[in-house]
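# Observations on the model geometry
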Amino acid sequence: MFRTKRSVLVRRLWRSRAPGGEEEEEEEAAAGGGGPGAAAAAAEARAHVCGGGRGCCCPGKAVRGGRGSAGAEGELKALTHAVLKRLKERQLEGLLHAVESRGGARTPCLLLPAKADSRLGQHWYPLPVLLCKVFRWPDLRHSAEVKRLCCCESYGKAHPELVCCNPHHLSRLCELESPPPPYSRYPMDFLKPTDCPDSVPSSTETGGTNCLAPGGLSDSQVPQEPGDRSHWCVVAYWEEKTRVGRLYSVQEPSLDIFYDLPQGNGFCLGQLNSDNKSQLVQKVRSKIGYGIQLTKEVDGVWVYNRSSYPIFIKSATLDNPDSRTLLVHKVFPGFSIKAFDYEKAYSLQRPNDHEFMQQPWTGFTVQISFVKGWGQCYTRQFISSCPCWLEVIFNNR
């Protein structure tokens, strides 16, 4: 019996659904003296699990023991096939391309009626949430847990008649933990130390950008052309204590930072000349993959993890400003986090305290490390020990 092209596409899509998976932890934790753990799960469905670090912000629990009961699996299959049968062949091809590329390819929106939803068990799911459950996050339950990416036609639209159901046009939201207790009155990360060794790169021991390696920069040293105020941030790429390549000035609202072409349009780290021979650096480079997407939105700057491995972020606006040190937040693949809040940064910059006003402000910088974390939960205490990392300096003018 001959299969139609439509039936072949539907079968391929069902085979490409997200596995239940089990939790696998990539990073080694310094607490307890343990060595390196198991490699990070390649599948996004495994990556929604919090690794237990204090700075982890991705919710969800592991779905252990396979995909679940045969009855639940059969119900999900029937519902998914019923939804896919409504799609045109061209829409099926676009959805398959998005799913098989795991979001790496630029794929069109999958526009379906906004009021349509489907019942699975005792729950009714909007179609975008249902397709995200099938192809990305099996534990997803509510539309409030996801965020649209700026590449989506439904982005910013409150009540559209047609809504995009492409699962890779959405990301999952990180939920920050409650802030730590106020160990000190002032955020010590923002205070400039008396001695700055020349060999220490920016954003390491102090958490700010006061101490600079050769070629480093701070938010007050961002190069600008005369009369040019169009860029909203610049990005520096580091390998351990060495900055690699030139600064990347960002004018567009959204920027992809990735390793190899053609995995995006933007800042390709693989095209930078690096002399680093470290095996660890080489290994982490190979895992950057699709990297991250940096987007300036109305409420702040968001970072979306497009890669298959966790990223780690430290920002002045993510934590309680009264804590002694800023937490390093672990963000799993497929998740988004509001890494920087302009309004909060300005309020922190101008507290009503004369003593604090005498201190230099370096809160317009965010540090992002690929694959390997740093801080109190890891063997690397400073970001300068991380193999591959970024420094993002925001234009506060």
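For the structure, check the block above.
Since the model is a prediction, treat every value here as computed from it, not as a measurement. (Residues numbered from 1 in each chain as written. Predicted model: local features only at pLDDT ≥ 70, side-chain atom pairs only at ≥ 80, totals over all residues. Heavy atoms only, no water.)

## Describing the nonpolar core
We count it as follows: The definition of a nonpolar core used throughout is a set of buried Ala, Val, Leu, Ile, Met, Phe, Trp, Tyr and Cys residues joined through side-chain atoms within 4.5 Å. Exposure categories follow from relative accessible area, calculated using a 1.4 Å probe and restricted to protein chains: below 20% of the type maximum is buried, above 50% is exposed, and the middle band is partly exposed. Secondary structure elements follow DSSP: runs of H or I no shorter than four residues count as helices, runs of E no shorter than two count as strands, and numbering proceeds from the N terminus. Note on contacts: a residue pair is in contact if any heavy atoms of the two residues lie within 4.5 Å.
Val235, Leu269, Ile313, Phe370 and Phe394 are the most contacted members of the largest nonpolar core, which has 43 residues in total. The leading source of residues in this core is strand 15 (residues 335-340), at four residues. When neighbours within four sequence positions are excluded, Phe370 is seen to be in contact with Leu269, Val284, Ile288, Gly291, Ile292, Pro310, Ile311, Cys388 and Leu390. Counting residues in each nonpolar core, the second largest holds 31 residues, with Leu96, Val99, Leu120 and Leu140 among its members.

## Here we look at the packing of aromatic side chains
When we look at a pair of aromatic rings, we describe it by the centre distance and by the angle of the planes. The condition that has to hold: Aromatic pairs are defined between Phe, Tyr and Trp rings, using the six-membered ring for Trp, whenever the two ring centres lie within 6.5 Å; interplanar angles under 30 degrees are classed as stacked, those over 60 as edge-to-face, and all others as tilted. Our definition puts a charge over a ring when NZ of Lys or CZ of Arg is within 6 Å of the ring centre and also within 35 degrees of the ring normal.
Under the criterion given, the structure shown has nine aromatic pairs. Residues Phe312 and Tyr378 carry aromatic rings whose centres are separated by 5.4 Å and whose planes lie at 80° to one another, so their mutual orientation is edge-to-face. Here Tyr378 lies in the loop between strand 16 (365-370) and strand 17 (389-394) and Phe312 lies in strand 13 (residues 311-315), a separation of 66 residues in the sequence. A relative accessible area of 0% places Phe312 in the buried class. Consider the rings of Tyr346 and Phe364, whose centres lie 5.2 Å apart with planes at 65°: the pair is edge-to-face. With a gap of 18 residues between them, Tyr346 in helix 6 (residues 342-349) and Phe364 in the loop between helix 7 (354-357) and strand 16 connect regions that are remote in the sequence. Taking relative accessible area as the criterion, Phe364 reaches 0% and is therefore assigned buried. Over the ring of Trp302 we find Lys147; its NZ or CZ atom is 4.7 Å from the centre of that ring.

## Looking at unusual backbone geometry
A positive phi is found at Glu240, a non-glycine position, where the angle reads about 55°. With respect to the helices and strands, Glu240 occurs in the loop between strand 7 (233-239) and strand 8 (242-250). You can call Glu240 partly exposed: its relative accessible area is 26%. Notably, Val371 is not glycine yet its phi reads approximately 70°, a positive angle. The topology assignment puts Val371 in the loop between strand 16 and strand 17.

## Side note on the state of the cysteines
To keep it simple, the criterion reads: A pair of sulfur atoms, both from cysteines and within 2.5 Å, is called a disulfide here.
Inspection of every chain in the model, using the stated rule, returns zero disulfides. The thiol sulfur of Cys164 is not disulfide-bonded, and the nearest other cysteine sulfur, from Cys152, lies at 3.6 Å. Residue Cys164 is classed as buried on the basis of its relative accessible area, which comes to 0%.

## Remarks on the pattern of salt bridges
This is how the line gets drawn: Each reported salt bridge corresponds to a side-chain nitrogen of Lys or Arg within 4 Å of a carboxyl oxygen of Asp or Glu.
For the structure on display, the rule yields eleven salt bridges. In this structure, the salt-bridge partner of Arg17 is Glu73, at a minimum N-O distance of 2.7 Å. Remark: Glu73 occurs in helix 2 (residues 70-84) and Arg17 occurs in the loop between helix 1 (5-15) and helix 2; sequence separation between them is 56 residues. Each member of the pair, Arg17 as well as Glu73, is classed as buried. Residue Lys338 is joined to Asp299 by a salt bridge in which the shortest nitrogen-to-oxygen separation is 3.9 Å. Taken together, the residues span a long stretch of sequence, with Lys338 in strand 15 and Asp299 in the loop between strand 11 (292-297) and strand 12 (300-305) at a distance of 39 residues.

## Observations regarding helix 5 (residues 279-288)
Applied cut-off: Each direction from the helix axis to a C-beta atom contributes to the arc, which is the arc of those directions. N or O atoms closer than or at 3.5 Å make up a polar contact, with two conditions inside protein: a donor-capable atom paired with an acceptor-capable one, and, for residues adjacent in sequence, both atoms drawn from side chains.
Taken together, the buried positions of helix 5 are occupied by Val281, Val284, Arg285, Lys287 and Ile288. All buried residues of helix 5 project into a common sector of 165° when viewed along the axis, lining one side. Opposite the buried face of helix 5, at more than 90 degrees from it, the exposed residues are Gln279 and Ser286. Here the buried face of helix 5 lies against strand 7, strand 9 (254-258) and strand 16. For helix 5, the side-chain oxygen to backbone nitrogen distance between the N-cap and Leu280 is 3.3 Å, and the N-cap itself is Ser278. Within two residues after helix 5, Gly289 carries a phi angle of roughly 55°, on the positive side.

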